[in-house]
Amino acid sequence: MKLLSQLTWHTTLKAGLAALTFAASAASAQTAICYNCPTEWADWGTQIKAIKENTGINVPADNKNSGQTLAQLITEKASPVADVAYMGVSFGIQADKAGVVSGYKPANWDDIPEGLKDPNGKWFTIHSGTLGFFVNRDALDGKPVPKSWADLLKPEYKGMIGYLDPSSAFVGYVGAVAVNQALGGTLADFTPGLEYFQKLQANDPIVPKQTSYARVISGEIPILLDYDFNAYRAKYKDQANVEFVIPAEGTVVVPYVMSLVDNGPNAENGKKVLDFVMSDKGQAIWANAFLRPVRASAMSAEAQSKFLPDAEYARAKTVDYAQMATVQKAFADNYLKTVR
């Protein structure tokens, strides 16, 4: 009787373990891990839902920034966890150099302009954004909306300005490139930008490492160096009293890219995710979230009408993104030494 009981227990345990293994395998078969796909950034929340509805693949939200993503990919190089990654262009270029991404040419590859993709598919642009001031008007306590980089140095904005850590987050680095270029610097000389951030310290800036959309909406950060798409989302979807400002001295426009992780555990699912993001439906989601999709045909007239006039965007310039990637670490080191 005791032997029979033990045999029954072992059989039940074995069956249970087999069921768990099967369930885990089934879950894996329908999952693709994306690094740096946070629901509150660039409307990844809507994109993730659409991927699930159209492909059956579950993409868990992930709240890394671009720098943290690259660092994690390098750490896990021998045994990757992620299948795809989303990063600012300079980090995508660095990921290729680090050997952590694999070549893959997604659906509609030929629609991506030259210069906005690696020829071998190691990274490719999915959308772009323009850096400016994301301003919560209600949180300014009656102060005027700042219109220039110079305005942010005024004492009246003390404690009101935020920017993501330029040594880690791509949008933070873009802000540094933007102000540096606007004040006469170059990618070979960040002196004007570093001096600007040194002066800005007098206004006690808030410097988070993660996307801070909700903190602007709540008024905790009245002025954030951020992209146009986040400000437009707040204005038109969340009905917040916000404004997007392209600074008078100028700014930059930058691409965001995706890559297939080299030897990712769910590579085929990862490819399907990348294909969907580049599909008509996927690109339209970016456009409706006020990003500029890399496939220009996906931008509807209605979405375009929500943007500032083209005359304002004339102050937003492109840069040499490969050089921007090359000098990024040196800038980060200088920023940490001279500003923080």
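Predicted model only: the values in this text are computed from it and were never measured.

Any details on the packing of helix α2 (residues 44-55) against helix α10 (residues 280-288)? Residues and values, ideally.
Their axes nearest at 10 Å, the elements α2 and α10 cross at an angle of 165°. Taken together, the axis directions place α2 and α10 in an arrangement best described as roughly antiparallel. In this structure, the crossing between α2 and α10 has a hand that is right-handed. Contact residues: α2 offers W44, T46, Q47, A50 and N54, while α10 offers K281, G282, I285 and W286. Its residues assigned to classes, the contact of α2 with α10 comprises 4 nonpolar, 4 polar and 1 charged.

How would you explain helix α5 (residues 170-182) if you had to name every residue and give the values?
Since one α-helical turn is 3.6 residues long, residues separated by three or four positions face the same way. The end-to-end C-alpha distance of α5 is 18 Å, a good match for the 18 Å that 13 residues give at a rise of 1.5 Å each. Burial within α5 is extensive, with 11 of its 13 residues counted as buried. Residues F170, V171, G172, Y173, V174, G175, A176, V177, A178, V179 and N180 constitute the buried set of α5.

Would you mind going over the confidence of the model for the protein chain in detail, with residue names and values included?
A low pLDDT score tells you not to read the predicted coordinates there in detail. Mean pLDDT over the protein chain: 91, with 91% of residues reaching 70 or higher. Note that residues 1-28 has pLDDT below 50 and, in this model, 2 contacts with residues that lie over four places away or in other chains.

With reference to specific residues and values, describe the pattern of salt bridges.
In the structure shown here, the tally under the stated rule is 16 salt bridges. Of the charged contacts, one joins K237 and D43 as a salt bridge, the two residues approaching to 3.7 Å between their closest N and O atoms. Here K237 is found in the loop between α8 (228-236) and β7 (242-245), whereas its partner D43 is found in the loop between β1 (34-35) and α2, with 194 residues between them in sequence. Taking the relative accessible area as the measure of exposure, K237 reaches 43% and is therefore partly exposed. Taking the relative accessible area as the measure of exposure, D43 reaches 11% and is therefore buried. Ionic pairing is found between K158 and D204, a salt bridge with its closest N-O pair at 3.9 Å. Remark: D204 occurs in the loop between α6 (191-200) and α7 (213-217) and K158 occurs in the loop between β4 (124-136) and β5 (161-162); sequence separation between them is 46 residues. One connected set of salt bridges, linked through shared partners, spans D111, D280 and R295.

Give a detailed account of the packing of aromatic side chains, specifying residues and quantitative values.
Within this structure, the stated rule accounts for 26 aromatic pairs. Relative to Y335, the ring of F197 lies with its centre 5.9 Å away and its plane at 90°, an arrangement referred to as edge-to-face. Residue F197 is found in helix α6, and its partner Y335 is found in helix α14 (residues 328-338); the two are separated by 138 residues along the sequence. The residues F197 and Y335 share a single accessibility class, namely buried.

Residues and numbers for the nonpolar core, please.
Y227, M258 and M324 are the most contacted members of the largest nonpolar core, which has 107 residues in total. Residues in contact with Y227, not counting those within four places in the same chain, are W41, G129, T130, L131, F170, V171, V174, F244, V254 and Y256.

Got a sec to walk through α8? Specific residues and values, please.
For α8, the tally of buried residues reaches 7 of 9 residues, placing the bulk of the element in the interior. D228, F229, N230, A231, Y232, R233 and A234 are the residues of α8 that are buried. Of the surrounding secondary structure, the elements contacted by the buried residues of α8 are β4, α7, β6 (223-227), β7 and α12 (310-313).

An account of the side chain of D83 is requested, with residue identities and associated values reported.
Mapped onto the elements of the fold, D83 is located in the loop between α3 (66-75) and β2 (84-88). Excluding anything up to four places from it in sequence, D83 contacts T31, A32, I33, S259, L260, V261, G264, P265, N266, A267 and G270.

Pulling in residues and values, what's your account of the pairing of β7?
Burial along β7 is two-sided: V242 and F244 facing one way and E243 and V245 facing the other are all buried. Pairing geometry for β4 and β7, over 4 bridges, is antiparallel. Counted as the bridge partner of F133 is V245 from β7.

Each value, and the rule that gives it
- Residues numbered from 1 in each chain as written.
- Predicted model: local features only at pLDDT ≥ 70, side-chain atom pairs only at ≥ 80, totals over all residues.
- Heavy atoms only, no water.
- Axes fitted to C-alpha atoms, helices over the stretch in contact; angles between N-to-C directions.
- Helix = DSSP H or I, 4+ residues; strand = E, 2+ residues; numbered from the N terminus.
- Parallel < 35°, antiparallel > 145°, perpendicular 65-115°, else oblique.
- Left-handed = near helix turned anticlockwise from the far one by under 90°.
- Contact = heavy atoms within 4.5 Å.
- Nonpolar A, V, L, I, M, F, W, Y, C, P; charged D, E, K, R; others polar.
- Expected span 1.5 Å × (residues − 1).
- Buried < 20%, exposed > 50% of the residue type's maximum accessible area, 1.4 Å probe, protein only.
- pLDDT = per-residue confidence, 0-100.
- Salt bridge = Lys/Arg side-chain N within 4 Å of Asp/Glu carboxyl O.
- Phe/Tyr/Trp six-rings, centres within 6.5 Å; stacked < 30°, edge-to-face > 60°.
- Core = buried A, V, L, I, M, F, W, Y, C linked by side-chain atoms within 4.5 Å.
- Pairing = 2+ DSSP bridges.

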